[in-house]
Amino acid sequence: MSILLETKNLCAQYGKVLAVQNINLKVKSGQVVTVIGANGAGKSTLLNAIMGSLPVPGSANGEVVYQEHDISRLIVEDRVANGLCLVPEKRELFSSMPVEDNLLLGGFRRYRAREKNWRDTLDEVYELFPRLKERRMQNAGTLSGGERQMLAVGRALMGKPKVLMLDEPSLGLAPLVVREVFHTIMRLRENGVSILLVEQNARAALQVADYGYVLEMGEVRLEGNASELLHDPRVIESYLGFG
Ligand code: ATP
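Because the structure is predicted, anything quoted here is derived from the model rather than measured.

Student: Outline the pairing of strand β10 (residues 211–216), supporting the account with residue identities and numerical values.
Tutor: One ladder, built from four bridges, connects strand β4 (residues 32–36) with β10; its direction is parallel. Looking across to β10, one finds that Val35 is bridged to Tyr213. As paired elements, β10 and strand β11 (residues 219–225) share six bridges and run antiparallel to each other. Residue pairing in the sheet places Gly212 in a bridge with Gly224 of β11.

Here is the structure:
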């Protein structure tokens, strides 16, 4: 399996405070890779450093290698154009615009690049999330938490990413909806999207992932096949409890 995305000694800081350090992770083509860790471990910072979207440009160093090219110096837009996409923790939808317009905006880069058939992806998104189709004229700001999460993922898919990075997709959702979210992640993988999933819900994340990294205080403390991590006493004690 080829490596699609890799970080080499990736570090990121806010002012003088180092939030993540020397991160070496790999996402192979077709894999779901998860990064688990407690609040403040540096998970969101890591995704933003990969995406090039830290609040202060240039506050990351080390390498981000994507399809064998060092993309560390590319601006966010160029990383997106190459096939990387991040669904941020805060979803960042256009709340006063209808669902469908939010989705179409997700395809705007492809439209501008005169990509043929870019609009067909809308049907694929509606097939994945029939609820969004039902609500396509409704303003995004009036959606439920679960529907907002579907919309954020749907909008990202409109850009046809090769690697989709999801920051805490289950955050704040009811257990039944959380199950739907993880089911969607499995379907996306079946459709050929590689996924880098950041989660506090370690059990659910490890159940859908192929490989996992445990982040503690900005550093990778453990890594391994997800099925092994699920049975690792250190992971069970700190992240899985007895559930
Ligand atoms: P959570 O699960 O709570 O979102 P996280 O693992 O995603 O946590 P980060 O949000 O990456 O963690 O935060 C890592 C560290 O960096 C924390 O100590 C946090 O306070 C700090 N940090 C995050 N964003 C900023 C910022 N914009 N300015 C300064 N410090 C920040």
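Student: Go over the site of the ligand with me, naming the residues and quoting the values.
Tutor: Residues in close proximity to the ligand total 14 residues, the closest being Asn39, Gly40, Lys43, Ser44 and Thr45. In this structure, an oxygen atom belonging to the ligand sits 2.9 Å away from a main-chain N or O atom of Gly42. Here an oxygen atom of the ligand sits 2.4 Å away from a polar atom, N or O, in the side chain of Thr45. Burial of the ligand by the protein chains amounts to 59% of its free accessible area of 640 Å². Among the elements that make up the shell around the ligand, the one with the highest residue count is helix α1 (residues 43–51) (three residues). For the shell around the ligand, the per-class residue count stands at five nonpolar, six polar and three charged.

Student: Would you mind going over the environment of Glu134 in detail, with residue names and values included?
Tutor: Positionally, Glu134 belongs in helix α6 (residues 130–134). In this structure the C-alpha to C-alpha distance between Glu134 and Val99, which are 35 residues apart in sequence, comes to 9.8 Å.

Student: Please provide a residue-by-residue account of the layout of surface pockets, values included.
Tutor: Its volume calculated, the largest pocket comes out at about 920 Å³. Every residue lining the largest pocket is counted, 29 residues in all, and those nearest its centre are Val76, Val80, Cys85, Leu86 and Arg155. Put simply, the parts of the chain that give the lining of the largest pocket at least two residues each are α1, α2 (76–82), β7 (84–87), α3 (99–106), α4 (108–112) and α7 (145–157). Taken together, the residues of the lining of the largest pocket break down into 15 nonpolar, five polar and nine charged.

The rules behind these values
- Sequence order sets the numbering: in each chain, residues are counted from 1 along the sequence as written.
- Local features in this predicted model are restricted to residues of pLDDT 70 or higher, and side-chain atom pairs are both shown and tallied only at a pLDDT of 80 or more, whereas totals for entire chains, interfaces and linings draw on every residue.
- Where side-chain values are given, they derive from all heavy atoms of the structure, hydrogens and water being excluded.
- Pairing between two strands is assigned when DSSP locates at least 2 bridges connecting them.
- Secondary structure counts use DSSP, requiring at least four H or I residues in a row for a helix and at least two E residues in a row for a strand, with both numbered from the N terminus.
- Proximity is defined per residue: any heavy atom of the residue falling within 4 Å of a molecule or strand makes that residue near it.
- Counted as a polar contact is a pair of N or O atoms within 3.5 Å, where, for protein atoms, one must be capable of donating a hydrogen and the other of accepting one, and residues adjacent in sequence contribute only when both atoms are in side chains.
- Note on areas: Shrake-Rupley, 1.4 Å probe, and residue coverage restricted to the protein chains presented here.
- Residue polarity follows a fixed list, in which Ala, Val, Leu, Ile, Met, Phe, Trp, Tyr, Cys and Pro are nonpolar, Asp, Glu, Lys and Arg are charged, and the others, Gly among them, are polar.
- Of the two site types, the cavity is a set of points on a 1 Å grid over the protein atoms alone where a 1.4 Å probe fits but cannot get out, and the pocket is an open set with protein on both sides within 12 Å along at least five of seven lines, each lined by residues with an atom within 4 Å of a point.
- Grid points are joined across faces, edges and corners, and a volume is the space filled by probe spheres set on the points.

Purely geometric numbers; function is a separate question.
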